[in-house]
Amino acid sequence: MKAFLKYREVWLLAAIVLLIGLISMRFPGFAAPGNLRQVFNDTSILMILALGQMVVILTRSIDLSMASNLCFTGMVVAMLNAAHPAIPIPLLIVIALLVGLVLGAINGFLVWRLNIPSIVVTLGTLTIYRGATFVISGGAWVNADQMSPDFIGLQRAAFLGIPVLSWIAILVIALFFLLMTRTALGRSIYAIGVNPTASVYAGIDVGRTKFIVFCISGMVGGLCGYLWISRYVIASVEVANGYELNIIAACVIGGISIAGGIGSVGGAVLGALFLGIISNALPVINISPFWQMAISGSAIILAVVLNARGERRQGRIILKKAEAA
Amino acid sequence: MTDTPAPRHIPDRLDKPFTSAIFSWEALLVAVAVAIFAVNSFASPYFLDAWSLSDLTFNFTEKALIALAMALLIISGEIDLSVAAIIALASTMMGMAVQAGAGTPVLVAIGILVGLGCGAFNGLLVTRLGLPSIVVTIGTMSLFRGIAFIVLGDQAYKGYPSSFAFFGQGYVWWVVSFELTLFLVAAVIYWFLLHRTSFGRRVFAIGNNPVAAQFSGVRVGRIKFILFCLTGLMAGIASVLITSRLGSTRPSIAQGYELEVITMVVLGGVSILGGAGSIVGVVLAAFIMGLVTFGLGLLNVPGIVMSIFIGLLLIIVIALPIIWRRVRRERFT
């Protein structure tokens, strides 16, 4: 099984190398280390979000509210920064994590205690969190000139020649790798996805574990709220509108089964990178950026067709979480 | 094997006592609708006016048409997230046809056929290749809207013939719009299909247990394929209506509709896990969502704040019966 999983990521890696090769034929500078570093940095936020979504999907749930969470938390930290520039940035990041945690915990609580399907809960909170962003901001934007230089500058500062944003992504990837492969929680998450009923008999508290994964995806959404706002230096109600589907797309391309239990940190990262490379490459090889949506749509369909070969039976019970209850 | 008991009449559904009718999902929705209607009438003097109420229906008829077919699809255990993208693609194709000089009948045919084709494409991927519908339709959602973006970019199609405007702007009789009439007719057809035909029983059977349904001789794949086609068809019809109402096509048309349609279906009491639901509930949910958005609109509440109410309504209406059941169980045990 493990060899098979590795096999899948090797294939995805090969596809990415091939993609970079094809792009380089049209635009030789694309494969230069400096540019690839730039692509990695551009994709950092998507990678982090995809990891947060991955732990949720592994437990046969889904979090559609991540982008709205990102938008809300981003607005909170941006408004705090605009009103009180003296608050140190690390404290703001902690606040972002906490706000995200609370939003994620609301999702998790509804899934855990009331047994409402996660797709319904997060469909509701998707609109609620974005609406709440409008309420706290009054519809106003927070612009670049209202943000402090530190707020904007932190992630752009270079450390060992690599921007801090990339370092944060690397750190998060490492943390998720440890979580999924070296902790009991990580094993429980996989176990719930593979067989929720058996997990109960194995002594895993399925509901509580689901609560925890929603807390994790919430914190990830909160962290990315700060990262997104400080990267694109504008906080508005429209931030990351519809992005929840990009996050899920990255997971699907990365080979994470929507039926739960199958997927890895490496897959999520590579899936996000695949999308990041496409969006970075289109302008340099003179293809209209309007093609991006159709290309990533085709990539998702192709990926799910290829991934489905090993998991056809599980794919059929996608929404049947009833037996987990 | 001793003596077999005498064959006994087995009802295909349990008798409904009066109390269970009162506490049924539809009754809850009716209560919510009446409450919102009353609050609206008190809150705004402009609400209780025939033309206001007529305008109100334009808020939801296009989405509700799709919700009818989506309800069947979700009852069968599948889902289609690509419906809004189908609207965009069908609208773009109609726009191209206008540029080529097509008349109104051709435009309508193109809109409906593109919708049907997209639905069939989803259905083929799900039933032939056995893929999970939620992922397939996230993919086709990007693909269909992506094609609209490739064709249109940041441009828009305009110049639809004036006779085309009837579908989205015309009235059949007094304040009764064509859109509302179409929705009510479609609702009756879907009600009959789901609750009065063997096809409808099979849809429920598939949603409750696809394996058992298969072994009972239900052609699971074919019925699911038909449901995807129906959903695409309704999206195509909605595309004709919305294009006619707006009189223009942009690739971002109907953005986010898929989530509103699904909210409508779930609010209508259809189980997202499949196997349960009713058309009456979906129709009531459509009216509730229309009432909420229109009433708040009259009070100058911005659209994004309305979405909070819709989101809260969704969660509360789903959570209330669960909490209610739990409280009752704790009291009696």
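Residues numbered from 1 in each chain as written. Chains lettered and ligands numbered in written order. Predicted model: local features only at pLDDT ≥ 70, side-chain atom pairs only at ≥ 80, totals over all residues.

Draft legend 1. The overall build of chain B, seen in detail. Each helix and strand in chain B was counted, giving 15 helices and two strands. The C-alpha radius of gyration of chain B comes to 21 Å, within 12% of the 20 Å expected for a compact globule of 333 residues. For chain B, the residues scored as buried account for 50% of the 333 residues in total. Within chain B, residue pairs in contact and separated by at least 24 positions form 78% of the contacts whose partners lie at least 6 positions apart. (Helix = DSSP H or I, 4+ residues; strand = E, 2+ residues; numbered from the N terminus. Rg over C-alpha atoms; globule rule 2.2 N^0.38 Å. Buried ≥ 20, exposed ≤ 12 C-beta atoms within 10 Å, placed from the backbone. Contact = placed C-beta atoms within 7 Å.)

Draft legend 2. Quick look at the overall build of chain A. Secondary structure assignment for chain A yields 14 helices and two strands. Along the first, second and third principal axes, the C-alpha atoms of chain A reach 55 × 50 × 35 Å. Residues classed as buried in chain A amount to 53% of the 325 residues present. Across chain A, the fraction of contacts at a sequence separation of at least 24, relative to all contacts at a separation of at least 6, is 78%.

Draft legend 3. Representation of the confidence of the model for chain B within the structure. All names here are of chain B. Of the residues in chain B, 92% reach a pLDDT of 70 or more, and the chain-wide mean stands at 86. For chain B, per-element mean pLDDT is lowest for helix α1 (residues 18–22), which scores 58, and highest for helix α12 (residues 220–246), which scores 95. Across the interface, the model reports ipTM at 0.78; the global pTM reads 0.83. (pLDDT = per-residue confidence, 0-100.)

Draft legend 4. Spatial organisation of the packing of helix α4 (residues 61–75) of chain B against helix α9 (residues 178–196) of chain B. Residues and elements named next belong to chain B. Packing of α4 against α9 leaves a shortest axis separation of 9 Å and a crossing angle of 10°. As summarised for this structure, α4 and α9 are arranged roughly parallel, according to the angle between their axes. Counted together, T61, E62, A64, L65, L68 and L72 of α4 and E179, L180, F183, A186, A187, Y190 and L194 of α9 form the full contact between these two elements. Counted by class, the contact of α4 with α9 contains 10 nonpolar, one polar and two charged residues. (Axes fitted to C-alpha atoms, helices over the stretch in contact; angles between N-to-C directions. Parallel < 35°, antiparallel > 145°, perpendicular 65-115°, else oblique. Nonpolar A, V, L, I, M, F, W, Y, C, P; charged D, E, K, R; others polar.)

Draft legend 5. The UniProt feature "transmembrane region" (unreviewed entry) in chain B, seen in detail. Residues and elements named next belong to chain B. As recorded in UniProt, the sites labelled "transmembrane region" (unreviewed entry) are residues 21–44, 64–90, 102–125, 131–152, 172–193, 225–243, 264–292 and 304–324. For residues 102–125, helix accounts for 92% and strand for 0%, while the C-alpha atoms at its two ends are 32 Å apart. In residues 172–193, helix accounts for 73% and strand for 18%; the two terminal C-alpha atoms are 25 Å from one another. (UniProt positions renumbered as here; feature names shortened; annotations may be inferred.)

Draft legend 6. Molecular detail of the confidence of the model for chain A. Residues at a pLDDT of 70 or more form 93% of chain A, whose mean pLDDT is 85. Here residues 312–325 of chain A is modelled with pLDDT under 50, and outside its nearest four sequence neighbours on either side it reaches 31 contacts, counting other chains as well.

Draft legend 7. Here's a closer look at the interface of chain B and chain A. With 43 residues of chain B at the interface, the matching set in chain A holds 48 residues. Those elements giving two or more residues to the side of chain B that touches chain A turn out to be α7 (133–152), α13 (257–267) and α15 (303–332) of chain B. In terms of residue class, the side of chain B that touches chain A is made up of 31 nonpolar, 11 polar and one charged.

Draft legend 8. Spotlight on helix α5 (residues 118–137) of chain A. Residue and element names in this part refer to chain A. Between the first and last C-alpha of α5 there are 28 Å, a value that for 20 residues agrees with the 28 Å anticipated at 1.5 Å per step. Burial analysis of α5 places 17 of its 20 residues in the buried class, which makes it a mostly covered element. Looking one or two residues past α5, G138 carries a phi angle of roughly 65°, positive in sign. (Expected span 1.5 Å × (residues − 1).)

Draft legend 9. Main features of helix α11 (residues 243–253) of chain A. In terms of burial, α11 of chain A is a largely internal element, 10 of the 11 residues being buried. Y243, E244, N246, I247, I248, A249, A250, C251, V252 and I253 of chain A are the residues of α11 of chain A that are buried. Those residues of α11 of chain A hidden inside the fold are in contact with α2 (33–58), α3 (66–83), α5, α12 (265–284) and α13 (292–308) of chain A together with α7 of chain B. In the stretch just after α11 of chain A, G255 of chain A is the one whose phi turns positive, near 85°.

Draft legend 10. Expanded view of the packing of helix α5 (residues 83–99) of chain B against α7 of chain B. Residue and element names in this part refer to chain B. Close contact between α5 and α7 brings their axes to 8 Å; oriented N to C, the two are set at 30°. By the angle between their directions, the pair α5 and α7 is classed as roughly parallel. Helix-helix and strand crossings are classified by hand; for α5 and α7 the assignment is left-handed. Judged by residue contacts, A85, I86, A88, L89, T92 and M96 of α5 engage T140, M141, F144, R145, I147, A148, V151 and L152 from α7. Of the residues that constitute the contact of α5 with α7, the class distribution is 11 nonpolar, two polar and one charged. (Left-handed = near helix turned anticlockwise from the far one by under 90°.)

Draft legend 11. Expanded view of the environment of V114 of chain B. All names here are of chain B. Along the chain, V114 falls in helix α6 (residues 104–128). Take V114: there are 24 C-beta atoms within 10 Å of it, and that puts it in the buried class. Distance from V114 to L320, taken between C-alpha atoms, is 40 Å for residues 206 residues apart in sequence. For V114, the residues in contact, after removing those within four places along its chain, are L89, A90, M93 and G236.

Draft legend 12. Broad picture of the environment of L56 of chain B. All names here are of chain B. In this fold, L56 is placed in helix α3 (residues 50–58). Classification of L56 by C-beta neighbours within 10 Å gives buried; the count is 21. Among all residues touching L56, those that are not within four sequence positions of it are G290, L291 and F294.

Draft legend 13. Seen up close, unusual backbone geometry. Even without being glycine, A240 of chain A reaches a positive phi, approximately 55°. Looking at the secondary structure, you find A240 of chain A in the loop between α10 (206–232) and α11. By the C-beta count within 10 Å, which is 24 here, A240 of chain A ends up buried. One non-glycine residue, W174 of chain B, adopts positive backbone phi at about 45°. Looking at the element boundaries, W174 of chain B is found in the loop between β1 (171–173) and β2 (176–177).

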